[in-house]
Amino acid sequence: RRLEKRDGAWHIGGAVTLTQIGEVIGEDFPMWAKMLWVFGSRQIRNRATLGGNLATASPIGDSAPVLLALDASLVLVSPRGRRTVAVSEFFLSYRNTALADDEVILEAVVPVAEPLDGIIRKRDWFKVSKRREMDISTVSGAFAVETDRGGTVTHVRLAFGGVAATPVRARKTEDFLMGKTWSEDAVSEACGILAREFQPITDARGSAGYRAALVTSLLAKFFHEEE
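Residues numbered from 1 in each chain as written. Predicted model: local features only at pLDDT ≥ 70, side-chain atom pairs only at ≥ 80, totals over all residues. Heavy atoms only, no water.

Draft legend 1. Here's a closer look at the overall build of the chain. Tallying secondary structure elements over the chain gives 8 helices and 11 strands in all. Structurally, the chain occupies a C-alpha span of about 50 × 45 × 35 Å along its principal axes. In the form shown here, the chain has an accessible surface area of approximately 10700 Å², with 50% of it arising from carbon and sulfur atoms. One finds the centroid of the 29 positive side-chain charges in the chain at a distance of 5 Å from the centroid of its 29 negative side-chain charges. (Helix = DSSP H or I, 4+ residues; strand = E, 2+ residues; numbered from the N terminus. Areas by Shrake-Rupley, 256 points an atom, 1.4 Å probe, with all protein chains shown as cover. Lys, Arg positive; Asp, Glu negative; His and termini not counted. Charge placed at Lys NZ, Arg CZ, Asp CG, Glu CD.)

Written out as structure tokens, the structure reads:
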């Protein structure tokens, strides 16, 4: 249940509730606070824990895309000791994680990006669901982009839930955007790649085609709102 900021990162215990997280991380991670505001109800956030939300390995869990975009890692512990696994390597397949049978999530380590001269950071999170609150996602997206003063992309993370068997990053699209000028033309090209990157399923919340359209529209929304 430890929750502290040290050594350039937030260390968030696996049993820390979402309410507790939301009360302290807003200044460093506005998009995470934005996500938590519509995560269930206050009563749910008072009981739900970060470790539980991640260990359930739902492909539409709202915490995972945010942590993927923030390059977070997880410290796993067992009687054999502890090890650190990047969140990007934690989800192996549908409802399957890197946790061994005797391991639990001790804490999440989320690096805090210090201000750097000449670096512009853009971050945001979006969720599409049937209702604004108290609903699971059809698709969610968490985005983190850094550019230099000339607008060249120096860092990019595009993370999604609801489009694959696990929460996932759009790595092909990320690779395309690296080194490009952050512009409408570049994002438009990136959306073409993004549209082919996943093979979402059809279910009660939306068709595969609808989900494929959502991922590109969310990236475009991120670009235009951040501009």
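Now that the structure has been shown, we can carry on.
Draft legend 2. Structural view of the nonpolar core. By size, the foremost hydrophobic cluster in this structure holds 38 residues, and its most contacted members are Ile21, Trp32, Leu54 and Phe90. Taken together, the elements giving at least two residues each to this core come down to β2 (9–13), α1 (18–24), α2 (30–37), α4 (50–55), α5 (63–69), β3 (73–78), β7 (104–111) and β9 (139–147). Here this core gets 5 residues from one element, more than from any other, and that element is α5. Beyond its immediate stretch of four places on either side in the chain, phenylalanine 90 contacts Leu54, Leu74, Leu76, Val85, Asn96, Thr97, Ala98, Leu99 and Ile105. Among the nonpolar cores identified, the runner-up in size contains 26 residues, and Phe126, Val139, Phe198 and Val215 belong to it. (Core = buried A, V, L, I, M, F, W, Y, C linked by side-chain atoms within 4.5 Å. Buried < 20%, exposed > 50% of the residue type's maximum accessible area, 1.4 Å probe, protein only. Contact = heavy atoms within 4.5 Å.)

Draft legend 3. Expanded view of the sheet that holds strand β8 (residues 120–128). In space, the 4 strands of this open sheet follow the order β8-β9-β10-β11, with antiparallel pairing throughout. With partners counted over all chains shown, the strands left at the sheet margins are β8 and β11 (168–169), one partner each. The sheet strands contacting α2 are β8 and β9, and the helix crosses β8 at an angle near 15°. (Pairing = 2+ DSSP bridges. Axes fitted to C-alpha atoms, helices over the stretch in contact; angles between N-to-C directions.)

Draft legend 4. Here's a closer look at the environment of arginine 45. For arginine 45, the position within the fold is in helix α3 (residues 42–47). Sequence separation of arginine 45 and threonine 19 is 26 residues, and the distance between their C-alpha atoms is 5.1 Å.

Draft legend 5. The arrangement of the sheet that holds β7 in detail. Strand order in the open sheet formed by 5 strands is β1-β2-β7-β3-β4, and the pairing between neighbours is antiparallel. Single-partner strands in this sheet number two, and they are β1 (3–6) and β4 (81–86). Geometrically, the sheet is characterised by an average inter-axis angle of 20° between neighbouring strands, direction not taken into account. By the bridge criterion, 4 bridges tie β1 to β2 in an arrangement that is antiparallel. Bridging from a neighbouring strand, arginine 6 pairs with alanine 9 of β2.

Draft legend 6. Representation of the side chain of arginine 211 within the structure. Here arginine 211 lies in helix α8 (residues 208–226). The exposure class of arginine 211 is buried, given its relative accessible area of 1%. Among the polar contacts listed, one links the side chain of arginine 211 to the backbone oxygen of glycine 162, at a separation of 3.0 Å. Discounting chain neighbours no more than four positions away, the residues touching arginine 211 are Thr138, Val139, Gly162, Pro200, Ile201, Thr202, Asp203, Arg205 and Gly206. (Polar contact = N/O pair within 3.5 Å; in protein donor to acceptor, adjacent residues only side chain to side chain.)

Draft legend 7. Local environment of unusual backbone geometry. Phi angles above zero are rare outside glycine, and alanine 57 is one such case at about 60°. Tracing the backbone shows alanine 57 in the loop between α4 and α5. In the Ramachandran plot, aspartate 71 falls in the positive-phi region, its phi being about 55° despite a non-glycine side chain. Topologically, aspartate 71 is positioned in the loop between α5 and β3. According to the relative accessible area criterion, aspartate 71 is partly exposed, its value standing at 33%.

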